[in-house]
Amino acid sequence: MNSEAMERAREAEAQLTDDERFSLLISVMGTNAVLTDKDPRIPDGVPMSAGYTPGIPRLGIPGLLMTDASLGVTNPGYREGDTATALPASIALGASFNPVLARRSGQLIGREARSRGLNVLLAGGLNLHRDPRNGRNFEYLSEDPWLTGVLGAESVEGIQGEQVISTVKHFSLNCNETNRHWLDAVIDPAAHRESDLLAFEIAIERARPGSVMTGYNKINGTYAGGNEGLLQGILKGAWGFPGWVMSDWGATPSWDFALQGQDQESGVQIDVMMWGQESFTAPLRAAFESGEFPKQRLSEMVQRILYAIFDVGIDDWEGTPDVDPAAHAAVALETARQGIVLLKNDGVLPLEVPSTAVGRFKIAVIGGHAQLGVPAGCGSSAVTPPGGYAEIHSIGGPGIMGSMRNLYLLPSSPLAELQKLLPDAEIEYDPGMNPGEAVLLARRSDVAIVFGIRVEGEGYDNADLSLPWGQDTVIDAVAGANSNTVVVLETGNPVAMPWLPKVSAVLAAWYPGQCGGQAIAEILAGVTNPSGKLPLTFPKDLDQTPRPVLPGLGTPWGTPTTVTYNEGSDVGYRWFAKAGKKPLFPFGHGLSYTRFGYGNLTVQDRGGVRAEVTVTNEGPRPGADVPQLYLLEDPAGPRMRLLGFERVDLEPGESRTVELTVDPRLLACYSTGRGQWHIAAGNYRLALGHSAGDCSLEADVYLAESWFGR
Ligand code: GLC
């Protein structure tokens, strides 16, 4: 808590008129491709963006100019010709397991927002990858609360270090897109604290984001924006969050959300489209006049907004930061490099042109529009890259997100980049439109590289884990024609791999951003050693998951839907461990062109559990590894939890001792009865591993009983 900012907020709020107070409680969406009529509440000269809230000039309080978001400064038609650095998807940042990179990404988007006069970033998606069909998983970091919270916090720190307010979203259980405005997400409250809420708790306590955005759907029967237990009870009560709660765009059906803990209605025009009215304007003002909405609460809402303004310092900008597009492109490239995961490699990678075959070594590059660029996720997070997209293919679909559901191709061609890196190879492209044609090229090539892509995005869940447009058939046929087949996946989620036994290597490249083609080519050619680790589990099929059939999938837009997350806090690898299932590829998995060994694991409880392990690069080339510490068993029995991780870069033969300090909440269970975390007395079995499915070193530690937190 920043007591000076709080004092300033109280003093400023006391000087406001009621009209000024109410003006702060909404944001108005700028003119864009969908909302073509400019709202009169946005003054001339104000750059269009996702949301605008007027300031109070006489008190030096700036207006709020809000922009999306985690992958870069978006521009879906707000500002003619404006482009920005298009980072890789957050799932790729998650795969880097690299907090330093998360902070640099945050700094980048914070700086690019500020350079445009935008002072609130709607970034910081912290929802967990609960469901591998969720169309927005590319915008989120991982299936684990610790990895998500730690990386999310660094991103927020990076953004707010540029004096731009960061927002963490979508509070607090928004893990499917199907009928999201009418979906009720049901979860055991204690399990909710140990999973999705824990990710928010960690990020909020570490980085103090100015704002929290609630999700669209209901949680245990009550809309997130009107959920007093979550907002007043946990976020503002137990955690003492001092900033403000904004709604999502079009997620405020009623003024009384103001009484339940929501402080601002966002994108009021979307509420008119969704619910037929704005809520925090005339209806809330009427409730104020009637006494139903008390002055004290009005003052508190305003003070929270002012607190964030003063705490982050958006009222105190001096000058406009320089933006170095090349330096920012380098961050995008490094994030892509570190986020690409080598899932399988029978030895075909890295590609090397034999000295005896110069000029005759044939490489087939097939599908994925690889001659043009790399795909990006769609929806509100889509960033128009420098120079614009290579191509946009409209996909469409039901609901208000249909117009934003496109195959966006960023201009970074894996084909062109591979040709640059392997000039001695004869590289030929096939569009991968049909198996028969692709096979003809594959058959006469030494290596066949097949791309598998999928359009995923906001407003939609995938029907299953298959690749669309017959790509699985093409991959299978190519693998049948060439024993050196490499698959490069560019998706926002895990996919099923019916062709896996037939291919020699698989890369998960996700949506790799504006330099993604270069990063993919570097890893294929061995210029970069892959180091990414899966931030979520790849199941063999949906039958392995908690919900083989997703309730509501395929029902008409607007159908009320209930999803019961009966896996509770056992999300992802936790579920697979508990259910005794072996996934296709486990959380934390990722191969390298070198190899790493672990030794000397020690675990001690010195007022907190600490572990040490020695990591050695036992292979022939430099590389990075991510040793992972897991809980395997607590006194009640098997219970898997990621307890810690650290990314280490090592030269061949180099060793380093890694120290990991364990957050006690990861060892504890949450007691809703007592409202505290509980560590039971007894033995805890820990393990150090390369992934959740490969824990080689084990160690026990005895812990005394303790109760803590709120
Ligand atoms: C969207 C998204 C949210 C985004 C907001 C503004 O619908 O759910 O993540 O920040 O609206 O574009």
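**Q** What exactly am I supposed to notice about the sheet that holds strand β14 (residues 406–410) here?
**A** The strands that make up a sheet are held in pairs by hydrogen bonds between backbone atoms, and each pair lies either parallel or antiparallel. Read from one edge to the other, the open sheet built from 3 strands follows the order β12-β14-β13, with strand pairing classed as antiparallel. The two strands at the open ends of the sheet, each matched to only one other strand, are β12 (374–376) and β13 (391–394). Across the sheet, the mean angle separating the axes of adjacent strands is 30° when strand polarity is ignored. In the sheet, β13 pairs with β14 via 4 bridges, with the strands oriented antiparallel. What sits directly across from E391, in β14, is L409.

**Q** Please clarify how helix α13 (residues 325–339) should be interpreted in this entry.
**A** Two residues of an α-helix separated by three or four positions point the same way, owing to the 3.6 residues in each turn. When the terminal C-alpha atoms of α13 are compared, their 21 Å separation across 15 residues agrees well with the 21 Å that a helix rising 1.5 Å per residue should span. The inward-facing, buried residues of α13 abut α3 (90–96), α4 (99–114), β10 (341–345), β18 (505–508) and α17 (516–525).

**Q** Sorry if this is basic, but what is going on with the state of the cysteines here?
**A** Disulfides are covalent bonds that connect the sulfur atoms of two cysteines. Counting across every chain of the model gives 0 disulfides. With no disulfide of its own, C175 lies closest to C378 among cysteine sulfurs, the gap being 18 Å.

**Q** For this particular structure, what's the right way to read the side chain of T74?
**A** As for its position among the elements, T74 is in the loop between β2 (64–67) and α3. A relative accessible area of 1% places T74 in the buried class. Excluding residues that lie within four positions of it along the chain, T74 makes contacts with T67, D68, A69, R79, S380, S381, A382 and V383.

**Q** Just to check I follow, could you spell out the sheet that holds strand β27 (residues 669–671) for this structure?
**A** Taken together, the 3 strands give an open sheet; going across it, the order is β27-β28-β31, and neighbouring strands pair in antiparallel fashion. Each having just a single partner strand, β27 and β31 (706–708) make up the two edges of the open sheet. The sheet shows a mean angle of 35° between the axes of neighbouring strands, direction not considered. The sheet contact formed by β27 and strand β28 (residues 676–679) spans 3 bridges and is antiparallel. Looking at β28, one finds that S671 is bridged to Q676.

**Q** Teacher, can you tell me more about the domain arrangement of the protein here?
**A** How big an interface is tends to be stated in terms of the accessible area lost upon association of its parts. For the protein, the assigned domains are domain 1 (3–316), domain 2 (335–544) and domain 3 (594–708). The centre of domain 2, based on its C-alpha atoms, is set 34 Å off from the matching centre of domain 3. Contacts between the two partners involve 8 residues from domain 2, matched on the other side by 9 residues from domain 3. Summed over both sides, the interface between domain 2 and domain 3 buries roughly 600 Å², with carbon and sulfur atoms accounting for 34% of that surface. Sorting the residues of domain 2 by area buried against domain 3 places N529, S531 and K533 first, and these three jointly supply 73% of that buried surface. At the junction of domain 2 and domain 3, the tally comes to 1 salt bridge. Among the ionic pairs, K533 bridges to D625, the shortest N-O distance being 3.4 Å. Summed over the shared surface of domain 2 and domain 3, the result is 5 residue pairs in polar contact (both at pLDDT 80 or more). Of the residues that constitute the side of domain 2 that touches domain 3, the class distribution is 2 nonpolar, 5 polar and 1 charged.

What counts, and where the lines are drawn
- Residues numbered from 1 in each chain as written.
- Predicted model: local features only at pLDDT ≥ 70, side-chain atom pairs only at ≥ 80, totals over all residues.
- Heavy atoms only, no water.
- Pairing = 2+ DSSP bridges.
- Helix = DSSP H or I, 4+ residues; strand = E, 2+ residues; numbered from the N terminus.
- Axes fitted to C-alpha atoms, helices over the stretch in contact; angles between N-to-C directions.
- Expected span 1.5 Å × (residues − 1).
- Contact = heavy atoms within 4.5 Å.
- Disulfide = S-S within 2.5 Å.
- Buried < 20%, exposed > 50% of the residue type's maximum accessible area, 1.4 Å probe, protein only.
- Domains from an automatic or database assignment.
- Buried area = accessible area lost by both parts, 1.4 Å probe.
- Salt bridge = Lys/Arg side-chain N within 4 Å of Asp/Glu carboxyl O.
- Polar contact = N/O pair within 3.5 Å; in protein donor to acceptor, adjacent residues only side chain to side chain.
- Nonpolar A, V, L, I, M, F, W, Y, C, P; charged D, E, K, R; others polar.

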